[in-house]
Amino acid sequence: MDQIEVIVVDQSGKTAGVVARIRRMVHDGALREGDPLPSTRALAAELGVARGTVVAAYDQLDGEGWIRTRHGAVARVVASAGAFSGGVGIGNLLPATDPRAPAAASAAASASASAAARTIDCRPGVPAVTAIAQRDWRAAWRAAADAPLRNAVADPLGTVDLRAQVVAQLGLSRGFAPSVDRVLLTAGTSEALSLVTEALRVHLGRAPVFAVEDPGYRTGQRAVLSAGGTVVGIPLDDDGMDLDALTAAPPVDVVLVTPTHQYPLGSVMPVARRQRLLAWAAATGTLVVEDDYDSEFRHRGSPVPALAALDADGVVLHVGGFSKTLDPRLRCSYVVLPGAAGVPVGAGSVAGVADAVLAARRARGAVVAEPVQVALAHLLRTGALRRHLGRVRRDYTHRRARIAARLDGVAGLEARALTGGLHAVVVWSGPATGHEVAARMAGAGVLVSTLEEYGMAPGSTPAGVVLGYGAVTVPELDRALDALVAAVAALERA
């Protein structure tokens, strides 16, 4: 009897048996990155189980990042014990007594040494870029190539087609659907913040003052500073920016927040606090910039609408983009200008800001290549992006659960920021600093960011690390978590 079959009948769950065997074969190197797996029908016949059992097993392995399944295509291994060549077929799903097993074992040993030498980059900010269906990706770029050539300068605001698709997407996923004339494109979030700063500097005739979260998005803060603005750090509590501290601070022109998933600590600003922030902003004429960087990925609880969806006074400038949903190298984000429903662009309690941002965009010119815009519009219009998000959302939820399970019960360690997004924050109670732990992990071949890097005021963050899990496989994540636990334990013993 085949070893897979033995495992299947010995376990209460047949799907679990198939999953366990394939995981072990990948871990041991018998199955390698890029290797095809048998069709679900063929493997089910080989094992004598229902095809649905194998379908469920493949689906789970896909979600965990071991294999990649695509409709109409062969399932392939994407996680590997090491990078080495050689193919496998259905015969490799045979027991270890198969004549080919010794060669596989030897290859696995080599693979293990190779894996140890590879660096795993768990610094936050990179999603599962390669997870998109290749058919959809290629179709989008074919659409861009097929677009008619024009003797014209690109619209600085972006193509009407992509902006309209963004509006439709916001209506479906973020709870508000602005008019197309309120949407403009930028080359990433940093360029959006730089653009807003420049616009306000001209509009106000002085350097605009931004209240920012501390700890917070330091790259965005640097963009504000480089464009001539100033920043004031506002501390956080368990619900995000501390509004008592904000209202007690000297007057500011802009409040920059990440209310749906605070970066990096991961808190979600409750509705009551959002409403209080909006009321205060309307009363004081303060612009609120909402950085909605990874709201598509909610792993626990109901989806949280955008802050802009609650804005009845036209005080919120919403920033979103495709860096976390597709690929940061596309360098394409969008700004939704302030404006309540039925209120003309540029009106409201922050009157003039929208016109100033539009003027700054036109002055800078177009920054996102038109073929990129055509490709993105195609992905949105055809539903390809929505399908992609459904797949990777499942993958990220599996990885989030993996982190929680691995660190649960480890004395002194606590995983945070796991309700959504693509990263986790891990803190500890011992004396080790984040820099010490990160350095020791780097020595073990795992790169992470330290929580201290995100703080402005000394002591504004506890000792901790920020671990991105969007672009790593489950085996790589397991290795990173082992390195983290080992690093903290070693430093506590020192």
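What you see is a predicted model; the values in this text were computed from it and never measured.

Engineer: What should I look at first to understand the side chain of Asp 327 in this one?
Structural biologist: Its place among the elements puts Asp 327 in the loop between strand E10 (316-321) and strand E11 (333-336). Of the polar contacts made by the side chain of Asp 327, one reaches the side chain of Arg 329; its length is 2.8 Å.

Engineer: Could you clarify how one ought to interpret the sheet that holds strand E15 (residues 449-450) in this entry?
Structural biologist: Pairing between the strands of a sheet comes from backbone hydrogen bonds, and it takes one of two forms, parallel or antiparallel. Pairing is antiparallel across the open sheet formed by four strands, whose spatial order is E12-E13-E16-E15. Of all strands in the sheet, those bounded by a partner on one side alone are strand E12 (413-416) and E15. Bridge analysis of E15 against strand E16 (residues 464-468) gives two bridges, and the strand direction is antiparallel. Note on E16: the bridge partner recorded for Thr 450 is Val 465.

Engineer: I'm lost on the sheet that holds E11 in this one. Help?
Structural biologist: Pairing in this open sheet of eight strands is mixed, and the strands run E4-E11-E10-E9-E8-E5-E6-E7 from one edge to the other. Looking along the sheet, the strands with just one partner apiece sit at the ends: strand E4 (183-186) and strand E7 (240-241). Sheet topology places strand E6 (residues 230-237) next to E7; two bridges connect them, and they run antiparallel. Each bridged residue has a counterpart across the sheet, and for Asp 237 the counterpart in E7 is Gly 240. Against the sheet, helix H11 (residues 271-284) makes contact with E6, E7, strand E8 (254-257), strand E9 (287-291) and E10, and its axis sits at roughly 160° relative to E8, the strand it touches most.

Engineer: Quick question: what am I supposed to make of the packing of helix H14 (residues 384-407) against helix H16 (residues 474-493) here?
Structural biologist: Describing two packed helices takes the angle between their axes plus the distance from one axis to the other. Running from N to C, H14 and H16 cross one another at 30°; their axes reach a closest spacing of 11 Å. What the angle tells us is that H14 and H16 run roughly parallel. Relative to H16, the crossing made by H14 is right-handed. Listed contacts from H16 to Arg 399, Arg 402, Ile 403, Arg 406 and Leu 407 of H14 are Val 474, Leu 477, Asp 478, Leu 481, Asp 482 and Val 485.

Engineer: What should I look at first to understand the environment of Leu 236 in this one?
Structural biologist: Along the chain, Leu 236 falls in strand E6. Along the chain, Leu 236 and Ser 267 lie 31 residues apart, while their C-alpha atoms are 9.4 Å from each other. Setting aside anything within four residues of it in sequence, one finds Leu 236 in contact with Glu 213, Asp 214, Pro 215, Met 241, Asp 242, Gln 262 and Leu 265.

Engineer: I keep staring at the pattern of salt bridges and nothing clicks. Help me out?
Structural biologist: Opposite charge on two side chains allows them to pair when their charged atoms are near. For the coordinates displayed, the defined rule picks out 17 salt bridges. A salt bridge links Glu 370 to Arg 150; the shortest N-O distance between them is 2.9 Å. With a gap of 220 residues between them, Glu 370 in helix H13 (residues 370-381) and Arg 150 in the loop between helix H6 (134-146) and helix H7 (160-173) connect regions that are remote in the sequence. When its relative accessible area of 24% is taken as the criterion, Glu 370 is described as partly exposed.

Engineer: Explanation requested: the packing of aromatic side chains in the structure shown.
Structural biologist: Given two aromatic rings, their pairing is described by the distance between the two centres and the angle made by the two planes. Enumeration according to the criterion identifies six aromatic pairs in this entry. Ring centres of Tyr 217 and Tyr 263 lie 6.1 Å apart, and the angle between their planes is 85°; on these two criteria the pair is classed as edge-to-face. In this pair, Tyr 217 sits in the loop between strand E5 (209-214) and helix H9 (218-226) while Tyr 263 sits in the loop between E8 and H11, placing the two residues 46 residues apart along the sequence. Taken together, Tyr 217, Tyr 263, Tyr 293 and Tyr 454 form an aromatic cluster joined through their ring pairs.

Engineer: Explain the side chain of Glu 191 to me, please; I cannot follow it from the model alone.
Structural biologist: Looking at where Glu 191 falls in the secondary structure, it is placed in helix H8 (residues 189-204). Classification of Glu 191 as buried rests on a relative accessible area of 13%. Within the structure, the side chain of Glu 191 is placed 3.0 Å from the backbone nitrogen of Ala 187, a separation counted as a polar contact. Residue contacts for Glu 191: discarding those within four places in its chain leaves Thr 186, Arg 361, Arg 364 and Val 367.

Engineer: What is the right way to look at H7 in this model?
Structural biologist: For an α-helix the count is 3.6 residues per turn, leaving residues at separations of three or four pointing the same way. Here H7 is 14 residues long and its end C-alpha atoms lie 20 Å apart, about the 20 Å a rise of 1.5 Å per residue gives. Considering only its buried residues, H7 is in contact with E4, E10, E11, H13 and H14. Two residues or fewer past H7, Gly 175 is found with a positive phi of approximately 85°.

Engineer: Looking at this structure, I do not really get the nonpolar core. What am I missing?
Structural biologist: Most often, soluble globular proteins have nonpolar side chains that are buried together. Judged by nonpolar contacts, the single largest core of 107 residues is most densely connected at Phe 322 and Val 437. Considering each element in turn, this core owes the most residues, nine residues, to H16. Non-local contacts of Val 437, meaning those with residues more than four positions away in its chain, are made with Trp 428, Ala 432, Val 465, Leu 484, Ala 487, Val 488 and Leu 491. Listed in part, the 21 residues of the second largest apolar core include Val 19, Val 26, Val 49 and Val 77.

Analysis parameters
Residues numbered from 1 in each chain as written. Predicted model: local features only at pLDDT ≥ 70, side-chain atom pairs only at ≥ 80, totals over all residues. Heavy atoms only, no water. Helix = DSSP H or I, 4+ residues; strand = E, 2+ residues; numbered from the N terminus. Polar contact = N/O pair within 3.5 Å; in protein donor to acceptor, adjacent residues only side chain to side chain. Pairing = 2+ DSSP bridges. Contact = heavy atoms within 4.5 Å. Axes fitted to C-alpha atoms, helices over the stretch in contact; angles between N-to-C directions. Parallel < 35°, antiparallel > 145°, perpendicular 65-115°, else oblique. Left-handed = near helix turned anticlockwise from the far one by under 90°. Salt bridge = Lys/Arg side-chain N within 4 Å of Asp/Glu carboxyl O. Buried < 20%, exposed > 50% of the residue type's maximum accessible area, 1.4 Å probe, protein only. Phe/Tyr/Trp six-rings, centres within 6.5 Å; stacked < 30°, edge-to-face > 60°. Expected span 1.5 Å × (residues − 1). Core = buried A, V, L, I, M, F, W, Y, C linked by side-chain atoms within 4.5 Å.

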